[in-house]
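# Fold and contact review
The chain contents come next:
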Amino acid sequence: MSANANSETNGRPKDLPPWADCDVFCIRNYAGTEGSRCGWRGRLHDVPHDPQCKQPVCPRCGCATLMRIPLEERGL
């Protein structure tokens, strides 16, 4: 994660919305095997798309490693 993501507010990183307000999150290196992980989360409509690979890319790390969060996982 980035340095900003480590600062917490009410139990969550201060630069990220609550999980209930997110429908995607970045899983880049989530297993922690290749360095620091990203962990960005937000709304899919706010995510830039890479015209070369037609995949949504993470606004924090720039990788096409976004995973959709199902509605039931968000408590909706």
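Residues numbered from 1 in each chain as written. Predicted model: local features only at pLDDT ≥ 70, side-chain atom pairs only at ≥ 80, totals over all residues. Heavy atoms only, no water.

## Details of the overall build of the protein
For the protein, the count of helices and strands is 0 helices and 7 strands. Counting from the amino terminus, the protein carries its helices and strands in the arrangement β-β-β-β-β-β-β. Contacts in the protein between residues far apart in sequence, at least 24 positions, make up 39% of those at least 6 positions apart. When the accessible surface of the protein is split by element, carbon and sulfur atoms take 49% of a total near 5000 Å². (Helix = DSSP H or I, 4+ residues; strand = E, 2+ residues; numbered from the N terminus. Contact = heavy atoms within 4.5 Å. Areas by Shrake-Rupley, 256 points an atom, 1.4 Å probe, with all protein chains shown as cover.)

## A word on the environment of Cys-38
Locating Cys-38 in the fold gives a position in the loop between β3 (24-26) and β4 (41-42). The class of Cys-38 is buried, set by a relative accessible area of 1%. C-alpha separation for the pair Cys-38 and Cys-63, spaced 25 residues apart in sequence, amounts to 9.5 Å. (Buried < 20%, exposed > 50% of the residue type's maximum accessible area, 1.4 Å probe, protein only.)

## Things to note about the side chain of Asn-29
In this fold, Asn-29 is placed in the loop between β3 and β4. Setting aside its immediate chain neighbours within four residues, Asn-29 contacts Glu-34, Gly-35, Ser-36 and Arg-37.

## Remarks on the side chain of Asp-23
By secondary structure assignment, the location of Asp-23 is in the loop between β2 (12-13) and β3. A residue is classified by how much of its surface remains accessible, and Asp-23, at 17% relative accessible area, is buried. Polar side-chain contacts of Asp-23 include one of 2.7 Å to the backbone nitrogen of Leu-44. (Polar contact = N/O pair within 3.5 Å; in protein donor to acceptor, adjacent residues only side chain to side chain.)

## Examining the pattern of salt bridges
As a working rule, side chains carrying opposite charge can pair if their charged atoms are close by. Using the criterion set out here, one finds 2 salt bridges in the structure. Asp-15 is paired through a salt bridge with Arg-60; the nearest N and O atoms lie 2.8 Å apart. Of this pair, Asp-15 sits in the loop between β2 and β3 while Arg-60 sits in the loop between β6 (55-56) and β7 (66-68); the two residues are 45 residues apart in sequence, bridging distant segments of the chain. Here Arg-60 falls in the partly exposed class, since its relative accessible area comes to 24%. Across the pair Arg-43 and Asp-23 runs a salt bridge whose closest N-O atoms are separated by 4.0 Å. Placement of Arg-43 in the loop between β4 and β5 (49-50) and of Asp-23 in the loop between β2 and β3 is noted, with a sequence separation of 20 residues between them. Owing to a relative accessible area of 27%, Arg-43 belongs among the partly exposed residues under this scheme. (Salt bridge = Lys/Arg side-chain N within 4 Å of Asp/Glu carboxyl O.)

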